[in-house]
Each structure stands twice: as C-alpha cells, then as structure tokens.
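Letter by letter, the chains look like this.
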Amino acid sequence: MRRVRVGDIELAVEERGAGEPLLLVHGFPLTHAMWREQLAGLADVARLVAPDLRGFGQSDVTPGAVTMARFADDLAALLDALGVEQPVTYCGLSMGGYIGWEFWRRHRDRVARMILCDTRAAADSDEAKANRRNVAERVLAEGPRFLLQVPEDILRAARGESEEETADTPSRRRRALSQLMRKLFSPYTIEHRPEVIAFVRELILQNRPEGIAAASLGMAERDDATPLLPSIDVPALVVVGEDDGLSAVEEMRQIADAMPDAELVVIEKAGHMAPLENPGPVNEAIERFLRGRSRAS
Ligand code: MLT
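Predicted model, so just to flag it, every value in this text is computed and none were measured. (Residues numbered from 1 in each chain as written. Predicted model: local features only at pLDDT ≥ 70, side-chain atom pairs only at ≥ 80, totals over all residues. Heavy atoms only, no water.)

Colleague: Account for the overall build of the protein, with residues named and values stated.
Modeller: Within the protein, the regular secondary structure consists of 14 helices and eight strands. For the protein, the residues scored as buried account for 55% of the 297 residues in total. Taking contacts inside the protein between residues at least 6 apart in sequence as the whole, the part at least 24 apart equals 77%. Looking at the protein as shown, the accessible area adds up to about 12000 Å², and 45% of this sits on carbon and sulfur atoms. (Helix = DSSP H or I, 4+ residues; strand = E, 2+ residues; numbered from the N terminus. Buried < 20%, exposed > 50% of the residue type's maximum accessible area, 1.4 Å probe, protein only. Contact = heavy atoms within 4.5 Å. Areas by Shrake-Rupley, 256 points an atom, 1.4 Å probe, with all protein chains shown as cover.)

Colleague: Report on the packing of helix α2 (residues 68-81) against helix α3 (residues 95-107), specifying residues and quantitative values.
Modeller: One can describe the packing of α2 onto α3 by two numbers: an axis separation of 8 Å at closest approach and a directional angle of 70°. The orientation of α2 with respect to α3, classified from their angle, is roughly perpendicular. In this structure, the crossing between α2 and α3 has a hand that is right-handed. On α3, the residues that touch M68, A69, F71, A72, D73, L75, A76 and L79 of α2 are M95, Y98, I99, E102, F103, R106 and H107. (Axes fitted to C-alpha atoms, helices over the stretch in contact; angles between N-to-C directions. Parallel < 35°, antiparallel > 145°, perpendicular 65-115°, else oblique. Left-handed = near helix turned anticlockwise from the far one by under 90°.)

Colleague: Account for the site of the ligand, with residues named and values stated.
Modeller: The immediate surroundings of the ligand are formed by G27, F28, S94, M95, Y98, R132, M219, L246 and H272. Between an oxygen atom of the ligand and a main-chain N or O atom of F28, the distance comes to 2.6 Å. Here an oxygen atom of the ligand and a backbone polar atom of M95 are 2.9 Å apart. Protein chains shield 91% of the accessible area of the ligand, which is 270 Å² for the free molecule. One can see that the ligand is located within the largest pocket. A breakdown of the residues in the shell around the ligand according to their chemical character gives five nonpolar, three polar and one charged. (Near = heavy atom within 4 Å. Polar contact = N/O pair within 3.5 Å; in protein donor to acceptor, adjacent residues only side chain to side chain. 1 Å grid on protein atoms, 1.4 Å probe; cavity = no way out; pocket = protein on both sides within 12 Å on 5 of 7 lines; lining within 4 Å. Sits in = over half its atoms within 2 Å of the grid points. Nonpolar A, V, L, I, M, F, W, Y, C, P; charged D, E, K, R; others polar.)

Colleague: Describe the layout of surface pockets, naming the residues involved and giving the relevant values.
Modeller: Here the largest pocket is characterised by a volume of approximately 790 Å³. N131, R132, L180, K183 and L246 are the residues nearest the centre of the largest pocket, which is lined by 30 residues in total. Elements with a contribution of two residues or more to the lining of the largest pocket: α3, α4 (126-142), α8 (179-184) and α11 (209-220). In terms of residue count, the dominant contributor to the lining of the largest pocket is α4 (seven residues). Residue composition of the lining of the largest pocket, by class: 14 nonpolar, ten polar and six charged. (Points joined across faces, edges and corners; volume = space filled by probe spheres on them.)

Colleague: I'd like a description of the pattern of salt bridges, backed by residues and values.
Modeller: Throughout the structure, instances matching the rule amount to 22 salt bridges. The residue E15 makes a salt bridge to R2 at a minimum N-O spacing of 2.9 Å. On the criterion of sequence distance, the pair formed by E15 in strand β2 (residues 9-16) and R2 in strand β1 (residues 2-6) is long-range, its members being 13 residues apart. Judged by its relative accessible area of 28%, E15 is partly exposed. (Salt bridge = Lys/Arg side-chain N within 4 Å of Asp/Glu carboxyl O.)

Colleague: Let's hear about the packing of aromatic side chains: which residues, and what values?
Modeller: Each pair of aromatic rings is reported with the distance of its centres and the angle of its planes. Counted according to the given criterion, the structure contains two aromatic pairs. Aromatic side chains F28 and F56 sit 6.5 Å apart centroid to centroid with 85° between the ring planes, which places their arrangement in the edge-to-face category. Placement of F28 in the loop between β3 (21-25) and α1 (36-41) and of F56 in the loop between β4 (47-51) and α2 is noted, with a sequence separation of 28 residues between them. Comparing F28 with F56, the two get one shared label, buried. Over the aromatic face of F199 sits the side chain of R36, whose NZ or CZ is 4.0 Å from the ring centroid. Over the aromatic face of Y98 sits the side chain of R222, whose NZ or CZ is 3.8 Å from the ring centroid. (Phe/Tyr/Trp six-rings, centres within 6.5 Å; stacked < 30°, edge-to-face > 60°. Lys NZ or Arg CZ within 6 Å of the ring centre and 35° of its normal.)

Colleague: Account for the environment of L147, with residues named and values stated.
Modeller: Relative to the elements of secondary structure, L147 occurs in the loop between α4 and α5 (152-158). A relative accessible area of 8% places L147 in the buried class. Residues L147 and L180, 33 residues apart in the sequence, show an inter-C-alpha distance of 6.3 Å.

Colleague: Could you give an account of the sheet that holds strand β7 (residues 236-241), naming the residues involved and the relevant values?
Modeller: Pairing in this open sheet of eight strands is mixed, and the strands run β1-β2-β4-β3-β5-β6-β7-β8 from one edge to the other. With partners counted over all chains shown, the strands left at the sheet margins are β1 and β8 (262-267), one partner each. Neighbour-to-neighbour, the strand axes of this sheet turn through a mean angle of 25°, independent of strand direction. Sheet analysis places strand β5 (residues 88-93) next to strand β6 (residues 111-117), joined by six bridges and oriented parallel. The residue bridging Y90 from the neighbouring strand is M114, located in β6. Contacts from helix α14 (residues 279-292) reach β3, β5, β6, β7 and β8 within the one sheet, and its direction differs from that of β8 by about 165°. (Pairing = 2+ DSSP bridges.)

Colleague: Could you give me a rundown of the pairing of β7, with the residues and numbers involved?
Modeller: Within a regular strand, side chains alternate between the sheet's two faces. Across the six residues of β7, six count as buried, placing the element largely inside the fold. Side-chain alternation along β7 places A236, V238 and V240 on one buried face and L237, V239 and G241 on a second face that is also buried. By the bridge criterion, six bridges tie β7 to β8 in an arrangement that is parallel. Across the sheet, A236 pairs through a bridge with A262, a residue of β8.

So, in structure tokens, the structure goes:
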C-alpha cells in the first residue's frame, strides 16, 4: 500500500499484478480491502489498482459533502499519477458503481470496459436522501459504531470459538444485526461465514466519521444515471448477489438490459457484498470477461 499525491490530497492505493489495468472501486462505508479476494485471485490476470477513496481507509479526509463527480475526478487524477495511460476496466461495487456512472460521464475515453457489482442507477428518493443526512449526523456524533451492531455470537464464531457457547439460530442472528449489516449479507453468509461479517465490521471501524459523513451527503446529491445507460457502449459485466437486499437482482437486470453490450451474472449464496461473500464465481466471471471482451471484440 502506498500513498500518492492527487491534487489537494493523498490517496492510499494497493497495486498488484501486471497487464491491462483493472480499477477496483470500493463501496460505502468500506475501504479497498473489501476487494481482498480479487486482489488475491486476479493478480495474474490484470494490473490491479485498488485505492481507498477520499475520506476512507488510509487516504486523506476532506470535510463537507464529497460528490460522486469529485470521487470520479480523484480516480482519473490517481491514474495520471500512477502513469496509467491506457483505458482501464472500471470495476465498482455499490457506491463504487455510482462513482462509475460519473467516471463514464466525465472520463469515458479512459474506460475500456465496465464491471458493475451490486449497484443502482436510480437516484435516491426524498426519504433515502433524508436518511443519508441522518446517517451523516449520527456518524459525526457517535462514530461508525451505530452502523455496526453485530451480535457477540457472530463475532465469537468468527474467532473460531466453540459452537456450544455461540449457539444461536440463524434467524436470531439476522434479527440482531443492524439494519445496514442485515442488508449487506446473504442468509448463507450470516449462517456459515461469520468471519466475512467480522471483517467488514473491522473495515468500517477503520474509517473516520468525517469521511463516512461526507460520502453519505455526496450520495444523497447524486443524479439519476438511468438516462446515461444506453450511452455506455463498452463491454460491461453486471454482477449481483442473488440475495442482495440493497440492489435487487431485477433492478440490476434492468441496468444490464439498458446498456448496449452488457451481460448479467447472478452470484449464488451472496448478498450485497458478493465479491467477498462468494469470490470464486465472481472472480471466474471477471476473469472470463477480461479475457474474452474488449472494445474491439
Ligand atoms: C454501498 O455498499 O456502497 C452502499 O450500500 C451504497 C448505498 O448506501 O447506497
């Protein structure tokens, strides 16, 4: 991981592998480490570039709202700073996808292909915008913990402690998770992969409240990207967990249908965090897509 000056701030970025660049853009309120399975599994397929966005992980924080356009411009400047001249495969999850629409709008000559994971094109409803502002206020007042209620039994199971002590039914586990955490994971992950939940919790806790609040306010301001979709004429891969509680399979199917050259892949045993929850099929789909599809093919 190294830090790179990008305009007014420094961004932290992890790079692995060689070849065609694959830019991995994390979701909210996470860090580049949510791509750990792709960083481990795809380094022999592409040059992986996984930054912490402004305000997250080890990157600098700026206060106020950070818009999706600001994040997109940061990424273009980061590619400049890293000397990445050739068009990239842009891969974003959820908020990383919202930023992807802006990256396409503002820097489309830098895009060879797009991978959209568990994201949405529509703007927020008024209710969702109000909720974003509430999240920003609460996170500034209380820190990220309020987003993160995870029952002790999941954390104990993640540490490998005995089942007798941790016995709890999957449905009780699920109910005990905070609203955000419950929407992030599939029932399968909640039951069988507590370490994934504990890992995501740790990532969120690494972030500073100002960074989380700024992105939350920025997401509230984003435009509806639906009218943009027919213009995205590069090859696209749309990936969604079958149990995604935030970006439903049907909604992602509509996104894929609206793009001229997109294919949809539904990942079983996965929710909103599909690349972490079930990385095997996600990496397989990305590898197949990268090897098989280019602007020219
Ligand atoms: C994300 O994973 O980036 C968030 O779920 C996006 C959102 O809150 O809309």
